[in-house]
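# Report on the structure
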Amino acid sequence: MLVAQSLVKTFNGTHAVDHVSFTLKEGELFGFLGPNGAGKTTTIRMLTGLLTPTSGEVWIGPHSMQKSPKEAKRRLGYLPDKPLVYEKLTGREYIRFMAELYDMPDDVLEQAERHLEEFELKDAADQMISGYSHGMKQKIALIGQLTHRPEVLLLDEPTVGLDPKGARTLRDILRGLCSQGVTILISTHLLPIAEMLCDRVGIMEKGHLIALGTLAELQAEYSTSAGLEDLFLQVTDPGQRGGEA
Amino acid sequence: MSWREQWHKLRQLRKWERLMATRSIKSRTVWVLLRIVAPLAVFAFVTLASVTTMLGLAGAPAALQAGLIALAAFAAGAFLLYVDIMVVFNQLSAQPYEILLAAPFSGRFVLMARLAAAVRSVFLYAALGLPLAIAYGIIQRAPVWYYPLAVVALILTVATLLALATLIVLAVLCSGRHRITRESLAFVSTGIAIAVVVVPRLIELGPVAQQVQSDLLGPAFAWIPMVMGARAIIAGGLGQGGAAAMPIVLLAATCALATWMAMFLADRFLHDRIGRVQEGGVAKRGSGRVRTSQGRSGSLLLRPFSPAIRAMVRKDWTRLRRVPSELLGFAFSVVYFWVILMHPDPGQTGALTGTTLPWLVVLVIFSSNRLTLSSFGIEREQVVLLLSAPVSSSEILQAKWLYTLGPSLLWTELVVAVFDVIGRTPLDASLWTALLTAWIVAGATLLSLPFAISGAAFVPRRAAQRAIYVKPGSSLSLLALAPYLALQGALMAFSMAPLVGGGGFFATFLVTGRLWHVALGVGASLLVAALAGSIGWSTGSEAWRHRSLMMLQSGSLE
Ligand SMILES: Nc1ncnc2c1ncn2[C@@H]1O[C@H](COP(=O)(O)OP(=O)(O)O)[C@@H](O)[C@H]1O
Ligand SMILES: [Mg+2]
């Protein structure tokens, strides 16, 4: 459903992302892990078409992001690390704007109402977003991204700023979406969430994708039975890494 | 901290502000355009309009010439007071004031630091009055000392207006106990500016004087600063030294008093009250459901455009309903236009309105620019949201254009219609005038696109704050806009002036039977609007795409 083909991004001569490739299947929930500055955000921006890769290509289903960006973007939902909302709109107006922007029929708004309820935003939905907390903005931005029924959803650190309950709701919603066939990529620091939620994980470091697979596969590869957190530390710490490039 | 230390700090602060301003402008050509060419074009246009009118009155009675000076001073002064109030208001409520408040500075220091940036641009307006004053001196064969006196009178008038504006804003800020939103502050300030324009008119409402001189130069207006300035210039031009000195002294005293009072208020209240300025805007409780798009406003204008464009325009209009203060420029210009129109024009020559109309044109461009500017302002980081959606930059631009076009068109057509009614313009002529107006407004709003994107437009405060990323190549075509600005103004004055005097551009044609009037008017407006359209469009879309890319590539979105 989503193919990243040998993506490279250079900023002023340094490689922020260096030949990153992976393929996500329909309905898969993929965890994108890595320390700060590893290149996760840069990769996700290339996947959304916001940044043009220095080389490499992105495919959303049958559409190339480089060759037919409109078709590709129509199938894509993107939640950046900083929630992007319009402060002077109310929550409901924002949702309606997102639906109209993608020219969706009115029945998507029914679904948005359900999400508002799940995230306990119903009371705040008619207040201006400028009064929202960071977590509330994050939630309303996510609901906005769901209105156009994306086939691929890219979430950049969505759990930052969410309260435990919100994080839980997010998990439930993401699971539900996956079972409907939506492909989800989620970048996160919170390893327990990734461990609990993701079918597969990829670990980035210094622009390279250094590990890719299910938890079991990675445990086998690094011959350890440790949880994701220990595995992550082991993989990203050069002192303990055995032999691989 | 001593007065001298504070003054030193103030100068340091200015240095940093200048540094940031130059950094934010990436292309030298744009810098040259915005700082030199555009002001020069405006200056040339105003000079041309005022000097030719004044020289044209060379043989007329002295009262008429004096009346022209008085009216021009009044019109320009009223406009300037309004601009000053807006600038002072913006400066005082600009965001990083916490830094100044947290440091051990007195209120008057904070006030001065904030105003320092505004002073220079405000004083440029004094230069706009100079050509008229000089032309007056020439036709009156004024003594040599008249010319320095005129300069002093102009500078004093501008300074007094700025001091008064500061006082007004501070008084609004410091009165009352409740929380103040930027919105309410803007409304009250504009209300006061409008009152200053209207009240003298109301005082004079008795039998309207036929002589201009007894109108504005009468005792009812003696207390208005710009009329004081005009009196000094008129008396000086006639060689009456004593009569010229009196208003100058009065002006200086008013200026000193207003400054002192502003300083006093700032010292006493500024720290307390400035923190109460809050972002305004209140949303009414909604229906409790996400409403669908049926029956939304502006459907007629938006129908030919794509759903994404419609969504973006409606989103911005919804926001505009929350911050109606952005429309205040239009409100002010209606009142302003009305006051000028109601002014008796003794010779029916159109000379008086001819002088003041340029100011109206500047006001129109000012208002619609402000609207476009803020509509791009909202998309700072949210541009990522739009760019990750299946929306092209051209669609974003179209949406922004339509957003400004809607209110601007509504306003202008309304004003034109009212004047058609007042002037009893025949129906067919009114229709033609309406069409022409729509055409001109469309061109003018298109034109505001590249200016808004490059971020400077004519709003001084913002010019320094928004980065300008226009490639040198495309900024060359921006240069081509400078003469357009003059042309646009001239055209509007050209087509509106007969409208004022005889009830419509085409009505003059109907009366005089001069077909070339119509041909010239239509031809020129078609040409200008097409030119503005294509230039605005190409530079606009290029600059916009470039800016968004620069923001992403340079990491300034982080
Ligand atoms: N616009 C940019 N210009 C220059 N360097 C950048 C830019 N964006 C990101 N980088 C660099 O690329 C690297 C990866 O950044 P990023 O993708 O944001 O990491 P992550 O999201 O994994 O924390 C960092 O070293 C960062 O400094
Ligand atoms: Mg990141």
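Residues numbered from 1 in each chain as written. Chains lettered and ligands numbered in written order. Predicted model: local features only at pLDDT ≥ 70, side-chain atom pairs only at ≥ 80, totals over all residues. Heavy atoms only, no water.

## Regarding the sheet that holds strand 9 (residues 200-205) of chain A
Residue and element names in this part refer to chain A. Definition in use: We call two strands paired when DSSP finds no fewer than two bridges between them. Per the convention used, a helix needs a DSSP run of H or I reaching at least four residues, while a strand needs a run of E reaching at least two, with both numbered from the N terminus. Angles here are taken between N-to-C directions and fall from 0 to 180 degrees, while the axes themselves are lines fitted to C-alpha atoms, restricted in helices to the stretch in contact. Two residues form a contact once any of their heavy atoms are found within 4.5 Å.
Spatially, the six strands line up as an open sheet ordered 6-7-8-3-9-10, and their pairing is mixed. Only two strands of the sheet have a single partner each, and these edge strands are strand 6 (76-79) and strand 10 (208-213). Taking the axes of each pair of neighbouring strands and ignoring which way they run, one obtains an average angle of 15° across the sheet. Sheet topology note: the strand 9/strand 10 ladder contains five bridges and is antiparallel. Paired with Met 204 across the bridge in strand 10 is Leu 209. Strands strand 3 (29-33), strand 6, strand 7 (152-156), strand 8 (183-187) and strand 9 of the sheet are contacted by helix 1 (residues 40-48), whose axis makes an angle of about 150° with strand 7.

## Brief notes about the pattern of salt bridges
Residue and element names in this part refer to chain A. Note the threshold: What counts as a salt bridge is simple: a side-chain nitrogen of Lys or Arg found within 4 Å of a carboxyl oxygen of Asp or Glu. Partly exposed residues are those whose accessible area sits between 20% and 50% of the maximum for their type, while under 20% is buried and over 50% is exposed, using a 1.4 Å probe and protein chains only.
Within this structure, the stated rule accounts for 16 salt bridges over all chains. We note a salt bridge from Arg 75 to Glu 71, for which the minimum N-O separation is 3.3 Å. The class of Glu 71 is partly exposed, set by a relative accessible area of 33%. The closest approach of N and O atoms between Lys 165 and Glu 120, which form a salt bridge, is 2.8 Å. Taken together, the positions of Lys 165 in helix 6 (residues 164-179) and Glu 120 in the loop between helix 4 (108-118) and helix 5 (134-146) put the pair 45 residues apart, joining distant regions of the chain.

## Regarding helix 3 (residues 91-101) of chain A
In terms of residue burial, helix 3 of chain A counts as a mostly covered element, since 11 of its 11 residues are buried. Taken as a whole, helix 3 of chain A has its buried residues at Gly 91, Arg 92, Glu 93, Tyr 94, Ile 95, Arg 96, Phe 97, Met 98, Ala 99, Glu 100 and Leu 101 of chain A. The inward-facing, buried residues of helix 3 of chain A contact helix 4 and helix 5 of chain A together with helix 12 (307-322) and helix 15 (383-387) of chain B. Trailing helix 3 of chain A by a residue or two, Asp 103 of chain A shows a phi angle of about 55°, which is positive.

## Considerations on the confidence of the model for chain A
A low pLDDT score tells you not to read the predicted coordinates there in detail. As a reminder, the rule being used: Scored between 0 and 100, pLDDT is the confidence that the predictor attaches to each residue.
When the pLDDT values of chain A are averaged, the result is 87; 97% of them are 70 or greater. The low-confidence segment residues 241-245 of chain A, where pLDDT is below 50, has seven contacts with residues more than four positions distant or belonging to other chains.

## Regarding the pairing of strand 1 (residues 2-11) of chain A
Residues and elements named next belong to chain A. Two strands pair when backbone bridges link them, and strand 1 and strand 2 (residues 14-24) are joined in this way by seven bridges, in the antiparallel orientation. Bridge assignment links Lys 9 to a residue of strand 2, and that residue is Val 17. As consecutive antiparallel partners, strand 1 and strand 2 are separated by two residues, and within that stretch Asn 12 has a phi angle of approximately 50°, a positive value.

## Digging into the packing of aromatic side chains
Operational definition: Two rings from Phe, Tyr or Trp (for Trp, the six-membered ring) form a pair when their centres are within 6.5 Å of each other. A pair whose planes differ by under 30 degrees is stacked, one over 60 is edge-to-face, and the rest are tilted. Lysine NZ or arginine CZ positioned within 6 Å of the ring centre and within 35 degrees of the ring normal marks a charge as sitting over the ring.
Inspection of every chain in the model, using the stated rule, returns eight aromatic pairs over all chains. Measuring from ring centre to ring centre gives 5.8 Å for Phe 22 of chain A and Phe 32 of chain A, while their planes differ by 55°; the resulting arrangement is tilted. Note that Phe 22 of chain A is positioned in strand 2 and Phe 32 of chain A in strand 3, a separation of 10 residues in sequence. Residue classification places Phe 32 of chain A among the buried positions, given a relative accessible area of 0%. On the basis of an interplanar angle of 35° and a centroid distance of 6.2 Å, the ring pair of Phe 30 of chain A and Phe 32 of chain A is categorised as tilted. By the burial criterion, Phe 30 of chain A is buried, and Phe 32 of chain A matches it. Pairwise contacts between aromatic rings join Phe 22, Phe 30 and Phe 32 of chain A into one cluster. Above the plane of the ring of Phe 97 of chain A lies Lys 315 of chain B, whose end atom (NZ or CZ) is 5.3 Å from the centre.

## What about the nonpolar core?
Within soluble globular proteins, side chains that are nonpolar generally end up buried alongside one another. Rule in force here: By nonpolar core we mean a set of buried residues, namely Ala, Val, Leu, Ile, Met, Phe, Trp, Tyr and Cys, connected to one another through side-chain atoms within 4.5 Å.
Core analysis: the largest hydrophobic core is formed by 109 residues, its most contacted members being Phe 22, Leu 101 and Leu 174 of chain A. Per-element accounting of this core gives the leading share, eight residues, to helix 16 (residues 393-422) of chain B. Residues within four places of Leu 174 of chain A in sequence aside, it is in contact with Leu 29, Leu 153, Leu 155, Ile 184, Ile 186 and Leu 197 of chain A. One finds Ala 72, Phe 79, Met 228 and Ala 232 of chain B within the second-largest nonpolar core, a separate group that totals 81 residues.

## Looking at unusual backbone geometry
Residue and element names in this part refer to chain A. At His 19, a residue that is not glycine, the phi angle is positive and equals roughly 45°. Relative to the elements of secondary structure, His 19 occurs in strand 2. Judged by relative accessible area, His 19 falls into the exposed class, the value being 52%. With a phi close to 55°, Asp 103 is a non-glycine residue in the positive phi region. Take Asp 103: it is sitting in the loop between helix 3 and helix 4.

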